[in-house]
Amino acid sequence: NAGVTQTPKFQVLKTGQSMTLQCAQDMNHNSMYWYRQDPGMGLRLIYYSASEGTTDKGEVPNGYNVSRLNKREFSLRLESAAPSQTSVYFCASSVGTPSISTQYFGPGTRLTVL
Amino acid sequence: GQQVMQIPQYQHVQEGEDFTTYCNSSTTLSNIQWYKQRPGGHPVFLIQLVKSGEVKKQKRLTFQFGEAKKNSSLHITATQTTDVGTYFCAGRLQGAQKLVFGQGTRLTINP
């Protein structure tokens, strides 16, 4: 099993460009998440999906959109990238509800917006 | 604002010394999880605490959940270079569905 995979690993964008970060898991997990990690801020939840077909906002959803394409895949889209979105983005998944289940993280995408 | 506070932000120790990181919340937590992130890596689950006053051990790591379920700690005895990384707590506020991560404590070790 590959676990949680993310593409791309690195990306550089110019302000205003758009892009989609891809995430897939092969553990048959119900819940999936997108976090961003900034120095001194820990991990902040952007969006999550408790089950296929549902998505909910986290702490910092502004400037992002998500799609739970199927049970395996959960993508994060930046419509018009801004320098404030320079960060490391982690996708995660868990078997059950977000609050009590172990979360398994992908390797991360390092995004720089110039 | 940050609802789960973690201190210290950084800690540098000599190999063999002990290390402790603390996690505090102003509101009661239903449960708390701890994760470790190696430099350049991704967070990896260590443990979950659910009961008031709970103490769990994993080899040299001891995890505690406070009696009031508002704080937690991770203590490492006799650190080794393999302990290097950032340790995060993540708590669920009562009534909420999501975990809130602390800012993390970055541990560095002098061999």
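Because the structure is predicted, anything quoted here is derived from the model rather than measured. (Residues numbered from 1 in each chain as written. Chains lettered and ligands numbered in written order. Predicted model: local features only at pLDDT ≥ 70, side-chain atom pairs only at ≥ 80, totals over all residues. Heavy atoms only, no water.)

What to know about the overall build of chain A
Threshold: Strands here are runs of E lasting at least two residues and helices are runs of H or I lasting at least four, both read from the DSSP assignment and numbered beginning at the N terminus. We compute the radius of gyration from the C-alpha atoms alone; for a globule the expected value is 2.2 Å times N to the 0.38, where N is the number of residues. Only protein chains enter the calculation, and the probe is 1.4 Å; a residue is then buried if its accessible area is under 20% of its type maximum, exposed if over 50%, and partly exposed in between. Residue contacts are counted whenever heavy atoms from the two residues lie within 4.5 Å of one another. When charges are tallied, Lys and Arg are placed among the positive residues and Asp and Glu among the negative ones, while His and the ends of the chain are skipped. Here the site of a charge means NZ on Lys, CZ on Arg, CG on Asp, or CD on Glu.
Helix and strand content of chain A: zero helices and 11 strands. When the helices and strands of chain A are listed from N to C terminus, the series reads β-β-β-β-β-β-β-β-β-β-β. On C-alpha atoms alone, chain A measures out to a radius of gyration of 13 Å, which is about the 13 Å that the 2.2 N^0.38 rule sets for 114 residues. Principal axes of the C-alpha set define a box for chain A whose edges measure 35 × 25 × 25 Å. Put simply, chain A has 114 residues, and 48% of those count as buried. Sequence-distant contacts, at least 24 apart, represent 56% of the contacts inside chain A between residues at least 6 apart. Averaged over its 10 positive side-chain charges, chain A has a centre that lies 6 Å from the centre of its 7 negative ones.

Comments concerning the layout of surface pockets
Here is the rule we go by: Only protein atoms enter the calculation, which uses a 1 Å grid: trapped sets of points that fit a 1.4 Å probe without letting it out are cavities, open sets showing protein on both sides within 12 Å along at least five of seven lines are pockets, and any residue with an atom within 4 Å of a point is a lining residue. Grid points are joined across faces, edges and corners, and a volume is the space filled by probe spheres set on the points.
Its volume calculated, the largest pocket comes out at about 500 Å³. Around the largest pocket sit 26 residues that line it, and A:Q37, A:P39, B:Q37, B:T86 and B:R106 are the ones nearest its centre. When contributions to the lining of the largest pocket are tallied by element, the ones reaching two or more residues are strand 4 (31–38) and strand 9 (87–94) of chain A together with strand 9 (85–93) and strand 11 (105–110) of chain B. When residues of the lining of the largest pocket are assigned to their parent elements, the largest contribution, four residues, is made by strand 11 of chain B.

Quick word on the sheet that holds strand 7 (residues 64–68) of chain A
Residue and element names in this part refer to chain A. Stated formally: A pair of strands is treated as paired once DSSP finds two or more bridges between them. To obtain an axis, a line is fitted to C-alpha atoms, over the contacting stretch when the element is a helix, and the angle between two such axes runs from 0 to 180 degrees between their N-to-C directions.
Strand order in the open sheet formed by four strands is 1-3-8-7, and the pairing between neighbours is antiparallel. Of all the strands in the sheet, just strand 1 (4–7) and strand 7 have a single pairing partner and so form its edges. Ignoring strand direction, the axes of neighbouring strands in this sheet form an average angle of 15°. Across four bridges, strand 1 lies against strand 3 (residues 19–25) in antiparallel orientation. Bridging across to strand 3, T5 finds its partner in A24.

Describing the interface of chain B and chain A
Applied cut-off: Note: buried area is the sum, over both parts, of the accessible area (probe 1.4 Å) each one loses when the two are combined. The salt bridge definition used is simple: a Lys or Arg side-chain nitrogen within 4 Å of an Asp or Glu carboxyl oxygen. Two N or O atoms form a polar contact when they lie within 3.5 Å of each other; inside protein one atom must be a possible hydrogen donor and the other a possible acceptor, and for residues adjacent in sequence the pair counts only when both atoms belong to side chains.
Between chain B and chain A, the contact holds 20 residues from the first and 22 residues from the second. Between chain B and chain A, the buried area comes to about 1700 Å², and carbon and sulfur atoms account for 54% of it. Among the residues of chain B in contact with chain A, B:Q97, B:K98 and B:F101 are the three that bury the most area, contributing 28% of the side total. Where chain B touches chain A, the interface holds zero salt bridges. The tally of links from chain B across to chain A stands at four residue pairs in polar contact (both at pLDDT 80 or more). The greatest single-element share of the side of chain B that touches chain A, amounting to four residues, is contributed by strand 4 (residues 29–37) of chain B.

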